[in-house]
Amino acid sequence: MSDGPPPDYVLEEQVGHLMRRAYQRHLALFQGIMGEDGPTSMQFAALVTLWRRGPLSQNLLGRLLAMDPPTVKGVVARLMARGLVERRRDAGDARLLRVALTPTALAALPAWVERAKAITAATLAPLPPAEQARLVSLLRRLG
């Protein structure tokens, strides 16, 4: 049994710890700015993806968002319960179900996107513009 971690390992300097702390801050900003009536961050990602790409199979939606099947299933179920998405049979293949936005979602999305822009700005606010761009570039490379 050791007396403690090695002296060259400082948790507060580890990338995973720092990313988790930054993400927690971002989620708090997201929830605060999006409000109780808005979607969660994962729901918002699904809605925006469907808005950009049109109706998608649940499987493809999950892959595009890097969500495992049980997670995307839960996100879609919660969005359906809120009346924001529906499942539709594919016109070309009746065996295939696609997740599609409802008129309610289409009406709400422009305001939610404006809130999302404010969330991004608030998340990056501690950094000067050049560092903001650099951080986004680095995160793209890590993802």
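What this report covers is the structure whose coordinates are included nearby. Only a predicted model underlies this, so the values are computations on that prediction, with no experimental measurement involved. (Residues numbered from 1 in each chain as written. Predicted model: local features only at pLDDT ≥ 70, side-chain atom pairs only at ≥ 80, totals over all residues. Heavy atoms only, no water.)

1. Description of the side chain of glutamine 43
With respect to the helices and strands, the residue glutamine 43 is situated in helix α2 (residues 41-53). Of note is the side chain of glutamine 43, whose polar atom sits 3.1 Å from the backbone nitrogen of threonine 40. Contacts of glutamine 43, omitting those with residues within four sequence positions, involve Val75, Arg78, Leu79 and Arg82. (Helix = DSSP H or I, 4+ residues; strand = E, 2+ residues; numbered from the N terminus. Polar contact = N/O pair within 3.5 Å; in protein donor to acceptor, adjacent residues only side chain to side chain. Contact = heavy atoms within 4.5 Å.)

2. Regarding the packing of α2 against helix α4 (residues 69-81)
At a minimum axis distance of 10 Å, the contact between α2 and α4 shows a crossing angle of 85°. By the criterion of interaxial angle, the relationship of α2 to α4 is roughly perpendicular. Together, Met42, Gln43, Ala46 and Leu47 of α2 and Thr71, Val75, Arg78 and Leu79 of α4 make up the contact between the two elements. (Axes fitted to C-alpha atoms, helices over the stretch in contact; angles between N-to-C directions. Parallel < 35°, antiparallel > 145°, perpendicular 65-115°, else oblique.)

3. Here we look at the side chain of serine 57
Looking at the element boundaries, serine 57 is found in the loop between α2 and α3 (58-64). For serine 57, a relative accessible area of 13% gives the class buried. Of the polar contacts made by the side chain of serine 57, one reaches the backbone nitrogen of leucine 60; its length is 3.0 Å. When residues no more than four places from it in sequence are discounted, the contact partners of serine 57 are Leu96, Leu97 and Arg98. (Buried < 20%, exposed > 50% of the residue type's maximum accessible area, 1.4 Å probe, protein only.)

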